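# Examination of the molecular architecture
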Amino acid sequence: MKTEKITLYHTKMKLVSPFETSSVIETHVEHIIIEVEAEGITGWGECVAGATPSYSNETVKTAWYILEDFLIPDLLNKKFENIQDVIKNWNWIRGNRMAKAGLESTIWDVFAKMQNKSLSKILGGSCDRVEVGISVGIQSSPNKLIETVASYLQEGYKRIKIKIAPGKDLEFISPLRKKFQDIQLQVDANSAYTLKDISIFKAMDDYNLLLIEQPLGYEDIYEHSKLQKEISTPICLDESIHSLNDAKAAVELGSCRIINIKPGRVSGFTESKLIHDYCASQKIPVWHGGMLESGIGRAGNIALASLPNFTLPGDISASKRYYKEDIVEPSFEVTSDGMMNVPTDPGIGVNVIEEKLAKVTLTKKEFS
Ligand code: OSB
Ligand code: MG
């Protein structure tokens, strides 16, 4: 495969409702959409670095810089036989995993389309539908949360994740659990707590939660191992896991019993698969996280989530849960039994609607 042209689009899409976490309230999502043209084939991908460094240290600007100055020059007009060769070629570039993952996913789409196979197929997917859940931002009151969750359950979602923060945890979890006693419920703290808050986490053991996501420091592995020993609810790490190596450290130290995989956070599908396979060998379930992607990133997420050890429902929700209009067709929908179909057409399996992409593009740059 030889890439002849690469286009970066800095996009900004308005969320249907603000998304509040322990660290920020987001009303819009800024990402970079990547288009690669190679031997008559067009591949698409999405870099999930955001407008601010509030989740990861990468942002749209840092990712754009790394793509423009390093990753794209290393790829353009050179010939590669497979993804492994592409990755090896930019091994010397440290960190910047979201930038790498964005471009890597675009190349995966190109290779899949060249073989006329779906991304799910070439990644090793083993099912045609995946179980999905929904991530609910912090709400203004426990009653508002109950109302919001009720409407999502109505839409078919079988697993609910709620964001929590100090002062907005047990007082929301308790009435919600009382109202919906049988639902699969989990919480995400986005690193808002310290070990001093241990009594709050011990109290959470009473609510039959599937997991507690990233309670402590966003780079921590060690303190999570101390917390996990004190509570019976499984800890799931998100922010702290950047590589297979991190996953091994976390599992061996007993820092978590479940891992959230987001390709952007771990530098792409290739590293995601290594983590997936390692976790399978250790009997550690994984599930697919989300970064409020457009349909382009979401298509890749669903393909990856079709691998066999993704045994818990992912943060992969319908297009309309995020955006009034998606930039792909068909848009993604959740079935009444809480599932989503894995696209079967070649590559990401959805079509990018170029007029809609143009409408959400702030700046665009072509490299050839
Ligand atoms: O911590 O999982 C997270 C969104 C942006 C950044 C971090 C997270 C999230 C979500 C939403 O929880 C997941 C989604 O539905 O895309
Ligand atoms: Mg998370």
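Residues numbered from 1 in each chain as written. Chains lettered and ligands numbered in written order. Predicted model: local features only at pLDDT ≥ 70, side-chain atom pairs only at ≥ 80, totals over all residues. Heavy atoms only, no water.

Here the focus is the sheet that holds strand β11 (residues 286-288). Strand pairs in the sheet, formed through backbone hydrogen bonds, run parallel or antiparallel to each other. A sheet is described by the order of its strands in space; here seven strands give the open sequence β5-β6-β7-β8-β9-β10-β11, paired in parallel fashion. Across the chains shown, the open sheet's two edge strands, defined by having one partner strand only, are β5 (133-136) and β11. In the sheet, β5 pairs with strand β6 (residues 159-163) via four bridges, with the strands oriented parallel. In the sheet register, G133 faces β6, and the bridge partner there is R159. Sheet contacts for helix α10 (residues 269-281): β10 (258-261) and β11; angle to β10, the most-contacted strand, approximately 165 degrees. (Pairing = 2+ DSSP bridges. Helix = DSSP H or I, 4+ residues; strand = E, 2+ residues; numbered from the N terminus. Contact = heavy atoms within 4.5 Å. Axes fitted to C-alpha atoms, helices over the stretch in contact; angles between N-to-C directions.)

Once that is clear, we can look at the nonpolar core. By size, the foremost hydrophobic cluster in this structure holds 117 residues, and its most contacted members are I162 and I259. With eight residues, helix α1 (residues 60-75) is the single largest residue contributor to this core. There are two domains that each give this core at least three residues, and those are domain 1 (3-116 + 351-367) and domain 2 (121-341). Each residue touching I259, except ones within four places of it in the same chain, is listed here: C236, L237, A247, V251, I275, C279, I284, P285, V286 and W287. (Core = buried A, V, L, I, M, F, W, Y, C linked by side-chain atoms within 4.5 Å. Buried < 20%, exposed > 50% of the residue type's maximum accessible area, 1.4 Å probe, protein only. Domains from an automatic or database assignment.)

The next thing to look at is the coordination of the magnesium ion (ligand 2). Around the magnesium ion (ligand 2), the protein supplies D188 (OD), E213 (OE) and D238 (OD) as donor atoms, at distances of 2.1 to 2.3 Å. Written as a sequence motif, the donor arrangement for the magnesium ion (ligand 2) is D-x24-E-x24-D. You can see D188 sitting in strand β7 (residues 184-188) and its partner E213 sitting in strand β8 (residues 212-213), a full 25 residues away along the chain. Looking at E213, the relative accessible area reads 0%, which means it is buried. (Donors = N, O, S within 2.8 Å, 3.2 Å for Na, K, Ca; no water.)

In space, the four strands of this open sheet follow the order β3-β2-β1-β15, with antiparallel pairing throughout. Only two strands of the sheet have a single neighbouring strand rather than two, namely β3 (41-47) and β15 (361-367). Neighbour-to-neighbour, the strand axes of this sheet turn through a mean angle of 20 degrees, independent of strand direction. The sheet strands contacting helix α3 (residues 97-114) are β1 (3-20), β2 (25-38) and β3, and the helix crosses β3 at an angle near 150 degrees.

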